[in-house]
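# Residue-level structural notes
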Amino acid sequence: MDREQIKLILPHRDDMLLLDEATLEDGVAHGLYHVRGDEFFLRGHFPGNPIVPGVIQCEILAQSACVLIADQCDKDSLAVYAGLDKVRFRSSVFPGDDFRTEVTLTKARHPFYFLEGKGYVGDRLVITASFSIAITKKSDS
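Residues numbered from 1 in each chain as written. Predicted model: local features only at pLDDT ≥ 70, side-chain atom pairs only at ≥ 80, totals over all residues. Heavy atoms only, no water.

In the nomenclature of an unreviewed UniProt entry, the chain corresponds to Beta-hydroxyacyl-ACP dehydratase from the organism Candidatus Aphodenecus pullistercoris.

## Regarding the sheet that holds strand 5 (residues 112–121)
With antiparallel pairing, the six strands of this open sheet are ordered in space as 1-2-4-5-6-3. Two strands bound the open sheet, and with one partner strand each, they are strand 1 (21–25) and strand 3 (77–89). When the angles between neighbouring strand axes are averaged without regard to direction, this sheet yields 25°. Here strand 2 (residues 28–34) pairs with strand 4 (residues 98–109) via seven bridges, running antiparallel. Considered in strand 4, the bridge of Val-28 is made with Thr-104. The sheet contacts of helix 2 (residues 54–68) involve strand 1, strand 2, strand 3, strand 4, strand 5 and strand 6 (124–137), and relative to strand 4 the element is tilted by about 55°. (Pairing = 2+ DSSP bridges. Helix = DSSP H or I, 4+ residues; strand = E, 2+ residues; numbered from the N terminus. Axes fitted to C-alpha atoms, helices over the stretch in contact; angles between N-to-C directions. Contact = heavy atoms within 4.5 Å.)

## Comments concerning the pairing of strand 1
Look at any regular strand and the pattern is simple: side chains alternate between the two faces of the sheet. Pairing geometry for strand 1 and strand 2, over five bridges, is antiparallel. Within the sheet, the bridge partner assigned to Thr-23 lies in strand 2 and is His-30. Here strand 1 hands over to strand 2 after two residues, with Asp-26 in that stretch at a positive phi of 50°.

## Description of a positive patch on the surface
A cluster of like positive charges, contributed by Lys-86, Arg-88, Arg-90 and Lys-118, occupies part of the molecular surface. When its relative accessible area of 48% is taken as the criterion, Arg-88 is described as partly exposed. (Patch = residues over 30% accessible without salt bridge, like charges linked within 9 Å, V, L, I, M, F, W, Y side chains within 5 Å. Areas by Shrake-Rupley, 256 points an atom, 1.4 Å probe, with all protein chains shown as cover. Salt bridge = Lys/Arg side-chain N within 4 Å of Asp/Glu carboxyl O. Lys, Arg positive; Asp, Glu negative; His and termini not counted. Charge placed at Lys NZ, Arg CZ, Asp CG, Glu CD. Buried < 20%, exposed > 50% of the residue type's maximum accessible area, 1.4 Å probe, protein only.)

Structure below.
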């Protein structure tokens, strides 16, 4: 799916929509984000040596997970992080890189979904994480 199709699943917009492409194959969500170099999070991290912050890498994993559990959400639901464990940053991600994710569901006890995620640049593993997502109701504000 492309960004327009992803927008039908994710509520993120503008600078915080961090998936350019996504697919779901055999119970694995695959995401792709092209690091352009002009993103807001690169301006100050770090001047002269921009590196994609780890928290942004984690967010891309979570957005990929939402593709995997999209059928558990309705128009009044919102998927949010419930926990983030065992995060390991193995290598840096830079402007020009294609950051690719693989996310699998390990356990589900609605409204909680437990997942494992990996992020790659090419064949290089750059991040691994265990995390959980909770399905909540959207606020009326």
